[in-house]
Protein chains: 10
Amino acid sequence: MPRPELLETFANPHPGRPYEIYLECPEFTSLCPVGGIETDATELELLKGGAPDFGTIRITYIPDAQCIELKSLKLYLWSFRNDGIFYERAVNRILDDLVARAAPRWMEVVGDFNVRGGIKSIVTARHGTRP
Amino acid sequence: MPRPELLETFANPHPGRPYEIYLECPEFTSLCPVGGIETDATELELLKGGAPDFGTIRITYIPDAQCIELKSLKLYLWSFRNDGIFYERAVNRILDDLVARAAPRWMEVVGDFNVRGGIKSIVTARHGTRP
Amino acid sequence: MPRPELLETFANPHPGRPYEIYLECPEFTSLCPVGGIETDATELELLKGGAPDFGTIRITYIPDAQCIELKSLKLYLWSFRNDGIFYERAVNRILDDLVARAAPRWMEVVGDFNVRGGIKSIVTARHGTRP
Amino acid sequence: MPRPELLETFANPHPGRPYEIYLECPEFTSLCPVGGIETDATELELLKGGAPDFGTIRITYIPDAQCIELKSLKLYLWSFRNDGIFYERAVNRILDDLVARAAPRWMEVVGDFNVRGGIKSIVTARHGTRP
Amino acid sequence: MPRPELLETFANPHPGRPYEIYLECPEFTSLCPVGGIETDATELELLKGGAPDFGTIRITYIPDAQCIELKSLKLYLWSFRNDGIFYERAVNRILDDLVARAAPRWMEVVGDFNVRGGIKSIVTARHGTRP
Amino acid sequence: MPRPELLETFANPHPGRPYEIYLECPEFTSLCPVGGIETDATELELLKGGAPDFGTIRITYIPDAQCIELKSLKLYLWSFRNDGIFYERAVNRILDDLVARAAPRWMEVVGDFNVRGGIKSIVTARHGTRP
Amino acid sequence: MPRPELLETFANPHPGRPYEIYLECPEFTSLCPVGGIETDATELELLKGGAPDFGTIRITYIPDAQCIELKSLKLYLWSFRNDGIFYERAVNRILDDLVARAAPRWMEVVGDFNVRGGIKSIVTARHGTRP
Amino acid sequence: MPRPELLETFANPHPGRPYEIYLECPEFTSLCPVGGIETDATELELLKGGAPDFGTIRITYIPDAQCIELKSLKLYLWSFRNDGIFYERAVNRILDDLVARAAPRWMEVVGDFNVRGGIKSIVTARHGTRP
Amino acid sequence: MPRPELLETFANPHPGRPYEIYLECPEFTSLCPVGGIETDATELELLKGGAPDFGTIRITYIPDAQCIELKSLKLYLWSFRNDGIFYERAVNRILDDLVARAAPRWMEVVGDFNVRGGIKSIVTARHGTRP
Amino acid sequence: MPRPELLETFANPHPGRPYEIYLECPEFTSLCPVGGIETDATELELLKGGAPDFGTIRITYIPDAQCIELKSLKLYLWSFRNDGIFYERAVNRILDDLVARAAPRWMEVVGDFNVRGGIKSIVTARHGTRP
């Protein structure tokens, strides 16, 4: 289950300048929802039907008062590892969690997922307007 | 023969946010129309003249109330496998069928087809205006 | 000598929608004009001075009532094979011939030619305004 | 169903020299056997379970008296299009059929198949000893 | 915990010919052993210290009587997902399990793991002698 | 410790034309702050905890009266070698130092840092408005 | 028609040392034989059926007393421009002509031809034994 | 010393259409100014200190009445070969010389220079406004 | 100064099988010897003359009783960071230190260093004979 | 004129181990011999006919008592800058000069020259037998 409480921030060292931070996390993995139902999967369920999904999460944002601490972001993304979740929901969920914590001036989250059934998916969600 | 009735959708989990979904299907195949006439080809006709075409279909859209279900999209695209159809018609047909089912806020369909007779073709059609 | 009379078209299957067609022809070859004079070259003249040129022709257009038939386009481009012609003239000539036949809403022709004398050339000409 | 009777050969123009011919066919497609049983699939069965497989066939051989005619090779490979067959059997079958027709001094057939279920497969079979 | 009992095989369709099969599994993931001790990690332990490892497993083999069934291989590799194990042990373990099940004439297993602490690791183990 | 006093400039040879200069420095290295505190690290501290960071610095600017001298830029960037500093601060610091010395019409500094803990970071800061 | 009389050589500047020369000619073009008959094609015939072929010729050799003069090699290869010839014959012909002129210690000629009918062909012929 | 008098032009074959010409010259070489002073270097001076610089010159322009003749452009760029000159001055000088000769509607000159002292430089100058 | 005492090993989990381990460390940095004398450089000396060198160290080995522990290898390679040392000596030194600690059956160390003065260097040293 | 007297060596730091050194010099330039005669060219002659040649020199060797000093190698290669010389002679000359100075156990020199007249050339010469 995603754990947004793991996310930490630190004070933006240059709050007066609207600069941009890009973070690329190529080792994201979650589970495909079993029977179309999004839920936590035990290892047994995993082997019965919920296949692992793999992808890259790309986050771009313009910080306001807070910057996202990288190690906490890594732990937060690991918390999807045994979670059954659709691509569309995962990307919107990550955006919501990061916005709630870091309150950026602008943010974009891209989930670039590996081919499944011969189809590659990329989901892109944005918060605010890019200056 | 393309079977739009195979397409299924599911409720958009974040209908309030205009986010973007990109789907890439690199294993599209159909048949070149025999004698310039678009028709279903039996295997015999295939060997007599209608050569297979191969390409990648790229779909980008902003969902409104519905998202396209990936497995049904795969089955829908398979239904072109033994169909004799021109590139231009195939791309516009896919766009029409997807728009009819999913009613997106905006959609683009790109057909990127392999070289035939030394010429590569890419056909791009759009529905609505990108916000 | 370029033979625009070889070009054929077919009725646009979706005339109501301004979609885009891209055609890439990577096997274009013509001759460098002998002594700076553009002319047809016999094989003998070829060996005396007019060196072969090679390049890729890229055509992008938005069809109106007519689409360009691919096989006829291939034959038309082959008709430059033994023709001595400057890059600038070839690209503008192809654009003029295609516009005269297919009357597109908008068209761009790019000639991307191989290195000659250590210099690579790309010539781009457009007809109409891209919507 | 594979049709080896479509394969044709022509007389090797340099039978005295053991030269090598490599043929790469990037547009091979067949069907995954339905229910693990290798069989011809009707279009209906295709939609029920037998998913399309895609791959590249690479053939290298040293001709003896006969060379493989390219157009007939293309038609022969097309004849797998609606056939349900395992990768291992397809590659060994192609090798057997080509050896039966062209009796090369040496031949290698490689089937390089697209990812299925997150696993990519390459099968390589050889006839005779490379000189 | 790795589950070799998930591995299945099928009868080699061409047992008389020593042909080669290559399988590439780019979505392998396991856990780094917590505190240097190889053990199963609960999700809590995962967050406390055992970081996920990612890599590609490449298997090449010459089958004897049995071929490895792909879907069962996928399930077997998934069973490392929540297992704390060193790279060196994982690769040798996979080789041992596959050899025990399929008894190939020759087999090579390569584990190509992502950068950790600025160092990329590739471990290669072989069974038997390549003919 | 960064030494902006090492930076030198020379008179812009074409001050009347607003042309653009791009400088790419692929061998930037600094230290990760020890214990989250930005400070100079002795070699001993380095081995105890402050890990080296590596990245590429990309600078684009439109000079006004002065251009940045390349050798002095190299020395200035070397002065971060044993400095413990966060990515966000390093990029903003370089921008501030270069603007103070060269007073460009416009400047952008990009720090493209290698993967750490499975996450790649790119930080982009700008001074002025691009004409 | 290929003109081997155009080939010229110059005295090997280091005849005592068996060094290697590799020549890559990426702009080879000839015609596909019309109706399967190898013949010279007039421009008219070209448009009726004999399609242009394109490829790269790669020559590697160890010179003995003579080296191949590059400009004459270029003219010789141009002489295939309007010639209808099979791939297998072209490569063996080039090898025969070069060996007859330059009498190398060893030579290999590779013809790497563009895709035709979805199949790419590479033909390799050798003279002598590589030391 | 750069010799703009070598530059020649020819009459634009399509003066009525504002098409674009791109020229890429990947073999530009000049000398680094000795002791920071821009001057012609004898071979002796070259060996004492003025190191060779290498780069690619990219020219894009929209011709008005005249097009730049390629062979003369090649000779003009060769005339920088033994000239000691700064990157910034070289690019602006080439732009000035080309504009003086060919009077284009718009022109851009890019000098993309190889790494020196671990830093890569790209200088871009423009004349006029792109339509 | 290189600190081989930082290197640690762990017991080979499969000592009976001669498998291979490849380690790639793309973030190696040391200093160029000041005045041609190999010595430790203070930061001041660094700025006066000893320029930083960058490269990738590639280690391949077949373990005997001991495997190299990755974190300790990272610390060991960091200990060259402020050391003035020639490429040839660095590679041989790393090989000597690793052999002394881990006593492998066979080992190869490659130092692949970035361009300096327009020349790229790769140094390769081996211990023992590859089985 | 090539100046072998510029080449310097230093004592091999590990003379007991037959390790390998690879040097890649991507910025080699010389002149094409004017009128087929190899000679020094004045700048005027350069502009009249002797065109510049560009290429990469790759040197691999196993040192005996001496290693080649990199800065002196750079100066030596610069001394070909205004020299009219054939590819075959240049590569053999460099090999002869380096062997005379450094007396390696084994050496290979490769000259990889840019396309001229549509033909790319690579010349490879070796001294001694690779152990």
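What you see is a predicted model; the values in this text were computed from it and never measured.

K.L.:
Looking at this structure, how should I read the overall build of chain A?
P.N.:
If you tally the helices and strands in chain A, you get three helices and six strands. Listing each helix as α and each strand as β along chain A from the N terminus yields β-β-α-β-β-α-α-β-β. The burial tally for chain A puts 59% of its 131 residues in the buried class. Sequence separation of 24 or more characterises 75% of the internal contacts of chain A that already satisfy a separation of 6 or more. Accessible surface for chain A amounts to roughly 5,000 Å². Of this, 53% is attributable to carbon and sulfur atoms.

K.L.:
Would you mind going over the pairing of strand β6 (residues 119–127) of chain H with me for this structure?
P.N.:
Strand residues, when the strand is regular, have side chains that alternate between the two faces of the sheet. The element β6 of chain H is largely enclosed, with a buried count of seven among its nine residues. Inspection of the sheet shows strand β2 (residues 20–31) of chain F paired to β6 of chain H by five bridges, in the antiparallel sense. For glutamate 20 of chain F, the partnering residue across the bridge sits in β6 of chain H and is threonine 124 of chain H. The pairing of strand β5 (residues 106–116) of chain H with β6 of chain H spans eight bridges and is antiparallel. Counterpart to methionine 107 of chain H in the pairing with β6 of chain H is histidine 127 of chain H.

K.L.:
What exactly am I supposed to notice about the interface of chain E and chain A here?
P.N.:
The parts lose accessible area when they come together, and the size of an interface is often stated as this lost area. Tallying the contact residues gives 21 residues for chain E and 21 residues for chain A. Overall, the association of chain E and chain A removes approximately 2,000 Å² of surface from exposure, summing both partners, and the carbon and sulfur fraction of that is 54%. Our count for the contact surface shared by chain E and chain A stands at two salt bridges. The salt bridge partner of arginine 116 of chain E is glutamate 27 of chain A, with a shortest N-O separation of 2.8 Å. Linking chain E with chain A are eight residue pairs in polar contact (both at pLDDT 80 or more), by the criterion used here. In terms of residue class, the side of chain E that touches chain A is made up of 11 nonpolar, five polar and five charged.

K.L.:
Can you walk me through the relation of the copies chain G and chain J in this structure?
P.N.:
One copy of the chain maps onto the other through a rotation about an axis plus a displacement along that axis. With an RMSD of 0.0 Å, the operation that places chain G on chain J is a rotation of 72 degrees combined with a shift of 0.0 Å along the axis. Within this description, the copies of the chain are treated as partners about a five-fold rotation axis.

K.L.:
Is there a simple way to think about the interface of chain G and chain J in this case?
P.N.:
Contacts between the two partners involve 17 residues from chain G and, on the opposite side, 17 residues from chain J. Here chain G meets chain J over a buried area of about 1,500 Å², counting both sides, of which 57% is carbon and sulfur. Ranking the residues of chain G by area buried against chain J places Arg17, Glu20 and Tyr22 of chain G at the top, with a combined share of 32%. Taken together, the links from chain G to chain J amount to one salt bridge.

K.L.:
Just to check I follow, could you spell out the confidence of the model for chain A for this structure?
P.N.:
Low pLDDT means the predicted atomic positions in that stretch should not be read closely. Predicted confidence across chain A gives a mean pLDDT of 89, with 87% of residues reaching 70 or more. Among the scores for the predicted complex, ipTM is 0.89 and pTM is 0.92.

K.L.:
Help me out: how do you make sense of the packing of helix α2 (residues 70–78) of chain E against helix α3 (residues 87–102) of chain E in this one?
P.N.:
Any two packed helices are characterised by the angle at which their axes cross and by the distance between the axes. Residue and element names in this part refer to chain E. Contact geometry for α2 and α3: axes closest at 12 Å, N-to-C directions at 145 degrees. The two elements α2 and α3 cross, and the hand of that crossing is right-handed. Contact residues: α2 offers Leu73, Tyr76 and Leu77, while α3 offers Arg93, Ile94, Asp97 and Leu98. For the contact of α2 with α3, the per-class residue count stands at five nonpolar, no polar and two charged.

K.L.:
Teacher, can you tell me more about the relation of the copies chain E and chain A here?
P.N.:
Its rotation angle being 180 degrees, the transformation that places chain E on chain A also includes 0.0 Å of axial translation and leaves an RMSD of 0.0 Å. Taken together, these values place the two copies in the relation of a two-fold axis. Mapped onto chain A, 100% of the interface residues of chain E are again interface residues, and the two copies thus contact each other with one and the same surface.

K.L.:
What is the right way to read empty space enclosed by the protein from this model?
P.N.:
Take a probe with the size of a water molecule and roll it over the atoms, and the empty space left behind shows itself. Counted by the stated rule, this structure contains two cavities of 30 Å³ or more. As for the largest cavity, its lining consists of 14 residues, of which Glu27, Phe28, Lys74, Leu77 and Trp78 of chain E are closest to the centre. Those elements giving two or more residues to the lining of the largest cavity turn out to be β3 (52–62) of chain A together with β2 (20–31) and α2 of chain E. Among the elements that make up the lining of the largest cavity, the one with the highest residue count is β2 of chain E (five residues). When its residues are assigned to classes, the lining of the largest cavity shows eight nonpolar, three polar and three charged. In this structure, the second largest cavity spans a volume of roughly 30 Å³. Forming the boundary of the second largest cavity are Pro52 and Phe54 of chain H together with Glu27, Thr29, Leu77, Trp78 and Arg81 of chain J. Looking at the lining of the second largest cavity residue by residue, the class counts come to four nonpolar, one polar and two charged.

K.L.:
What should I look at first to understand the side chain of glutamate 20 of chain F in this one?
P.N.:
Its place among the elements puts glutamate 20 of chain F in strand β2. On the basis of relative accessibility, which here comes to 13%, the residue glutamate 20 of chain F falls in the buried class. At 2.8 Å, the side chain of glutamate 20 of chain F and the side chain of arginine 130 of chain F are in polar contact. Apart from the residues within four sequence positions on either side, glutamate 20 of chain F is in contact with Thr60, Tyr61, Ile62 and Arg130 of chain F together with Ile122, Val123, Thr124 and Arg126 of chain H.

K.L.:
Looking at this structure, how should I read the environment of lysine 120 of chain G?
P.N.:
Mapped onto the elements of the fold, lysine 120 of chain G is located in strand β6 (residues 119–127). Sequence-wise, lysine 120 of chain G and leucine 98 of chain G are 22 residues apart; in three dimensions their C-alpha atoms are separated by 25 Å. Excluding its chain neighbours within four sequence positions, the residues that come into contact with lysine 120 of chain G are Tyr22, Leu23 and Glu24 of chain D together with Asp112, Phe113 and Val115 of chain G. Among the polar contacts listed, one links the side chain of lysine 120 of chain G to the backbone oxygen of phenylalanine 113 of chain G, at a separation of 3.1 Å.

K.L.:
It is not clear to me how the environment of glycine 55 of chain A should be interpreted in this structure. Could you clarify?
P.N.:
Residue and element names in this part refer to chain A. Its location among the elements puts glycine 55 in strand β3. Residue classification places glycine 55 among the buried positions, given a relative accessible area of 3%. Taking C-alpha positions, glycine 55 is 16 Å from alanine 125, a pair spaced 70 residues apart along the chain.

K.L.:
Would you explain the state of the cysteines in this entry?
P.N.:
Applying the stated criterion to the full structure yields zero disulfides over all chains. The cysteine cysteine 67 of chain D is free of any disulfide, with cysteine 32 of chain G supplying the nearest cysteine sulfur at 15 Å.

K.L.:
Would you explain the packing of aromatic side chains in this entry?
P.N.:
One pair of aromatic rings is described through two measures. These are the centre distance and the angle between the planes. Residue and element names in this part refer to chain A. Taken as a whole, this structure holds 55 aromatic pairs over all chains when the rule is applied. Relative to phenylalanine 80, the ring of phenylalanine 28 lies with its centre 5.3 Å away and its plane at 55 degrees, an arrangement referred to as tilted. Highlighted residues: phenylalanine 28 in strand β2 (residues 20–31) and phenylalanine 80 in the loop between α2 (70–78) and α3 (87–102), separated in sequence by 52 residues. Here a set of aromatic residues connected by ring pairs shows up, and it is made of Phe28, Tyr76, Phe80, Tyr87 and Phe113.

K.L.:
What am I meant to see in the side chain of aspartate 53 of chain H here?
P.N.:
Residues and elements named next belong to chain H. Within the element layout of this structure, aspartate 53 appears in strand β3 (residues 52–62). On the basis of relative accessibility, which here comes to 6%, the residue aspartate 53 falls in the buried class. Reaching out from aspartate 53, the side chain makes a polar contact with the side chain of tyrosine 87 at a distance of 3.4 Å. Apart from residues no more than four positions distant in its own chain, aspartate 53 is found in contact with Phe28, Thr29, Ser30, Leu31, Cys32, Tyr87 and Arg116.

Rules of the game
Residues numbered from 1 in each chain as written. Chains lettered and ligands numbered in written order. Predicted model: local features only at pLDDT ≥ 70, side-chain atom pairs only at ≥ 80, totals over all residues. Heavy atoms only, no water. Helix = DSSP H or I, 4+ residues; strand = E, 2+ residues; numbered from the N terminus. Buried < 20%, exposed > 50% of the residue type's maximum accessible area, 1.4 Å probe, protein only. Contact = heavy atoms within 4.5 Å. Areas by Shrake-Rupley, 256 points an atom, 1.4 Å probe, with all protein chains shown as cover. Pairing = 2+ DSSP bridges. Buried area = accessible area lost by both parts, 1.4 Å probe. Salt bridge = Lys/Arg side-chain N within 4 Å of Asp/Glu carboxyl O. Polar contact = N/O pair within 3.5 Å; in protein donor to acceptor, adjacent residues only side chain to side chain. Nonpolar A, V, L, I, M, F, W, Y, C, P; charged D, E, K, R; others polar. Least-squares fit on C-alpha atoms with pLDDT ≥ 70 in both. pLDDT = per-residue confidence, 0-100. Axes fitted to C-alpha atoms, helices over the stretch in contact; angles between N-to-C directions. Left-handed = near helix turned anticlockwise from the far one by under 90°. 1 Å grid on protein atoms, 1.4 Å probe; cavity = no way out; pocket = protein on both sides within 12 Å on 5 of 7 lines; lining within 4 Å. Points joined across faces, edges and corners; volume = space filled by probe spheres on them. Disulfide = S-S within 2.5 Å. Phe/Tyr/Trp six-rings, centres within 6.5 Å; stacked < 30°, edge-to-face > 60°.

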